[in-house]
Amino acid sequence: MKVLITGATSTIGNQLVELLLHEGFQIHLLVRDESKCPYFNRPNIKLFKGDIDALTSLTVAMKECDYVFHLAALTKVWIKDSSAYYKVNVEGTLNVLKVAKATGVKRVVITSSAGGYGPSISSVITEEKVREIGFFNDYECSKVLCELKAKEFSIEHQLDVVIVSPTRVYGPTLNAEVSSITLLFDQYLHHAWRLIPGDGRDVGNYAFIEDVAKGHLLAMKHGKSGETYLLGGHNLTYLQFFSHLSSIAGIRRRMIHTPHAFQKIYAYLELFKAKWLNGNPKITPSWLAKGKYNWEVDCTKAKNDLGYQITPVAEAFAKTIFFLKQKKNEGPH
């Protein structure tokens, strides 16, 4: 069975490639630069140079594929031309769907974001939740619009489309940059990180990357066309997060609470550098604003419909810590 993956060089994409290889799939990968991903030169993987903005390269890569996993997206914290979020995340997705329909693909699994549902202000986040607050940034808005357009396309053109929405992903990273949450693990382990945002009681949902990759495969196998499934993990406050990390790593640090006002100053400085010095901001005021809310998620639908399972927090944290320690010991290649 052949599948195409877009965005295979992403954190989740890398993990999904390994999972599908283990399951015996033949994999087509659409990549922009073949020379930058030599680790994909393996049996049962075929590379196709191109991008989701080019229908021709998409058509060649998707030929004879039964399924498509569409993970490619613009996820940067900030970019000068905000219209790029919509060009890549919305128009690019529609390109994938058009080619999938034309080439006879059985099902397309689209990776979205749980952030589109907004924070859990009056209720826990589920697939039925209506957003209660405006969008914090163009990325969120573009992903929600992407979902709407994908579902419209699915109905109008009778194409089988399933959407999965991961929460804050962390865990061992194979051949991609570590996620921001995994980087937080690394900062605590190796760089004496001591900061906790605010009073530490804001809730976030943390999804182990192996669970998220398996969730994609389960969505391909068992998902219902036109449905969205939240792929999350454990709801933890920052205090709980660092308590688990401290206990499992065996490293205790006196943590310092950082008031929101200080974080806001830092975010504006980062944005200033990005606008006037062409830097890449670690955070911006609009992204920082998300941290003032709780993001508690309920993954019951994915558990019941897909058979999605969540790794116990102790096991998931331990695997992440082991990976980061091993990576540090190996040093740069």
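Residues numbered from 1 in each chain as written. Predicted model: local features only at pLDDT ≥ 70, side-chain atom pairs only at ≥ 80, totals over all residues. Heavy atoms only, no water.

Caption draft 1: Just the nonpolar core, in detail. Residues I5, V17, L20, I27, L29 and F69 are the most contacted members of the largest nonpolar core, which totals 37 residues. The dominant element in this core, judged by the number of residues it contributes, is helix α6 (residues 209-222), at 7 residues. Setting aside residues no more than four positions away along its own chain, L20 makes contact with V3, I5, F25, I27, F69 and L217. Counting 25 residues, the second-largest nonpolar core is a separate cluster that includes A72, L97, V105 and V108. (Core = buried A, V, L, I, M, F, W, Y, C linked by side-chain atoms within 4.5 Å. Buried < 20%, exposed > 50% of the residue type's maximum accessible area, 1.4 Å probe, protein only. Helix = DSSP H or I, 4+ residues; strand = E, 2+ residues; numbered from the N terminus. Contact = heavy atoms within 4.5 Å.)

Caption draft 2: Examining helix α5 (residues 180-190) more closely. Taken together, the buried positions of α5 are I181, T182, L184, F185, D186, Y188 and L189. A192 sits one or two positions beyond α5 and adopts a positive phi of about 55°.

Caption draft 3: Spotlight on the pairing of strand β10 (residues 228-231). In β10, alternate side chains face the same way, and those of T228 and L230 on one face and Y229 and L231 on the other are all buried. Here 4 bridges tie strand β6 (residues 161-166) to β10, and the two strands are oriented parallel to one another. Within β10, the position partnered with S165 by the bridge is L230. (Pairing = 2+ DSSP bridges.)

Caption draft 4: Focus on the sheet that holds strand β2 (residues 26-31). Judged by pairing direction, the sheet is parallel, and its 7 strands sit side by side in the order β3-β2-β1-β4-β5-β6-β10 without closing on themselves. Of all strands in the sheet, those with a lone pairing partner are β3 (45-49) and β10, marking the two edges. With direction set aside, neighbouring strand axes in the sheet form an average angle of 20°. Note that strand β1 (residues 2-6) and strand β4 (residues 67-70) share 4 bridges and pair parallel. By the bridge assignment for β4, I5 is matched with F69. Helix α3 (residues 83-103) rests against β4, β5 (107-111) and β6 of the sheet, and its axis sits at about 170° to β5. Each of β4, β5, β6 and β10 touches α6; the most contacted strand, β5, lies at about 150° to it. (Axes fitted to C-alpha atoms, helices over the stretch in contact; angles between N-to-C directions.)

Caption draft 5: Seen up close, the packing of aromatic side chains. Enumeration according to the criterion identifies 12 aromatic pairs in this entry. Note on F185 and F241: the rings are 5.4 Å apart at their centroids and 80° apart in plane angle, and the pair reads as edge-to-face. Placement of the pair is F185 in helix α5 and F241 in helix α7 (residues 238-249), with a sequence separation of 56 residues. Judged by relative accessible area, which is 0%, F185 ranks as buried. What links up through ring pairs into an aromatic cluster is the set Y170, F185, Y188, Y206, F208, F241, F242 and F317. Its guanidinium or amino end placed over the ring of Y188, R253 lies 5.2 Å from that ring's centre, counting from NZ or CZ. Taking NZ or CZ as reference, K301 lies 4.9 Å from the ring centre of Y229, over its face. (Phe/Tyr/Trp six-rings, centres within 6.5 Å; stacked < 30°, edge-to-face > 60°. Lys NZ or Arg CZ within 6 Å of the ring centre and 35° of its normal.)

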